[in-house]
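Topology and contacts: notes
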Amino acid sequence: MAMIKHLSRRAIFAGLVVMGLSAPVFASESSSTGLGQAWPNAQDVSTNSNWHVYVFTVNGIRYVQINDLNGNVRGAFAAANGQFLVLPMGRDAQRIATPQQPMTLDNSVVALTSYAQTVYRDAAIQVQATPLSSGATMFTAAPSTTTLVAPCDNPAECSTHVD
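In what follows, the accompanying structure is described. Please read these numbers as outputs of a predicted model, since none were measured by experiment. (Residues numbered from 1 in each chain as written. Predicted model: local features only at pLDDT ≥ 70, side-chain atom pairs only at ≥ 80, totals over all residues. Heavy atoms only, no water.)

Observations concerning the environment of alanine 136
Put simply, the rule is: A run of H or I in DSSP becomes a helix once it reaches four residues, and a run of E becomes a strand once it reaches two; helices and strands are each numbered from the N terminus. Working definition: with a 1.4 Å probe on protein chains only, accessible area under 20% of the residue-type maximum means buried, over 50% means exposed, and in between means partly exposed. Contact criterion: two residues are considered in contact whenever any of their non-hydrogen atoms come within 4.5 Å of each other.
Along the chain, alanine 136 falls in the loop between strand E7 (125-131) and strand E8 (137-143). For alanine 136, a relative accessible area of 16% gives the class buried. Placed 45 residues apart in sequence, alanine 136 and arginine 91 show a C-alpha to C-alpha distance of 9.3 Å. Residues within four places of alanine 136 in sequence aside, it is in contact with Arg95, Thr130 and Pro131.

Structure representation (structure tokens):
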């Protein structure tokens, strides 16, 4: 029964995300547009000068996009009520960790946590960029009340996090 309840919440959230993604198409005007673009028509709200972060809100769902300094989309996710969903866009889309989708690193890659940077934070969401020994960057998105920790190198321990 708990599994069905969990699946139905996921289905509802996925439906809301799809509705949210289609809403901008039907809106006649929006104050910020361009989700997925290098230089969207939105304010850069990054807390770090090494990144550009853009936030779009549609029907109560917040879409956060992270770009590098050259305008390359690195990743994006949707967030609503503490639930996060990674969007399939950007060079690092497969390296975005959320409470619902924790990321594990293989044994050949190490997170350089001493170089981690907070790139966005508001009352509900925080995003951290952590360089990896492979040269890639991992992004961690979480509620602002969560203490961000390094990615999990041990799959048996990956289901836990610190609040």
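Let's talk about the sheet that holds strand E1 (residues 52-58)
Basically, it comes down to this: Two strands qualify as a pair provided that DSSP identifies no fewer than 2 bridges between them. Helix axes are fitted to C-alpha atoms over the stretch in contact, other axes to C-alpha atoms as well, and angles between N-to-C directions run from 0 to 180 degrees.
The 4 strands lie next to each other as E1-E2-E3-E4, forming an open sheet whose pairing is antiparallel. With one partner strand each, in any of the chains shown, E1 and strand E4 (83-87) form the two edges of the open sheet. Across the sheet, the mean angle separating the axes of adjacent strands is 20° when strand polarity is ignored.

Re the packing of aromatic side chains
Keep this limit in mind: Two rings from Phe, Tyr or Trp (for Trp, the six-membered ring) form a pair when their centres sit within 6.5 Å of each other. Planes less than 30 degrees apart are called stacked, planes more than 60 degrees apart edge-to-face, and all others tilted.
As enumerated under the stated definition, the model contains 2 aromatic pairs in all. With centroids separated by 5.2 Å and ring planes inclined at 80°, the aromatic side chains of tryptophan 51 and phenylalanine 139 adopt a geometry described as edge-to-face. Of this pair, tryptophan 51 sits in the loop between helix H1 (2-26) and E1 while phenylalanine 139 sits in strand E8, placing them 88 residues apart in sequence. A single burial state applies to tryptophan 51 and to phenylalanine 139, both of which are buried.

Observations concerning the sheet that holds strand E5 (residues 96-97)
With mixed pairing, 4 strands are arranged side by side in an open sheet as E5-E8-E7-E6. For this open sheet the edge positions go to E5 and strand E6 (117-121), each flanked by a neighbour on one side alone. Alignment of E5 against E8, held across 2 bridges, turns out to be parallel. Bridge pairing links isoleucine 96 to phenylalanine 139 in E8.

Re the pattern of salt bridges
Oppositely charged side chains can pair when the atoms bearing their charge come close. Inclusion rule: Each reported salt bridge corresponds to a side-chain nitrogen of Lys or Arg within 4 Å of a carboxyl oxygen of Asp or Glu.
Across all of its chains, the model carries 4 salt bridges by this definition. Note that arginine 74 and aspartate 92 form a salt bridge whose closest N and O atoms lie 2.5 Å from each other. Of this pair, arginine 74 sits in strand E3 (residues 73-80) while aspartate 92 is found in the loop between E4 and E5, placing the two residues 18 residues apart along the sequence. With respect to class, arginine 74 is no different from aspartate 92; both count as buried. Ionic contacts of the salt-bridge type, sharing partners, join the residues Asp68, Arg74, Asp92 and Arg95 into one network.

Purely geometric stuff here, so don't read any function into it on its own.
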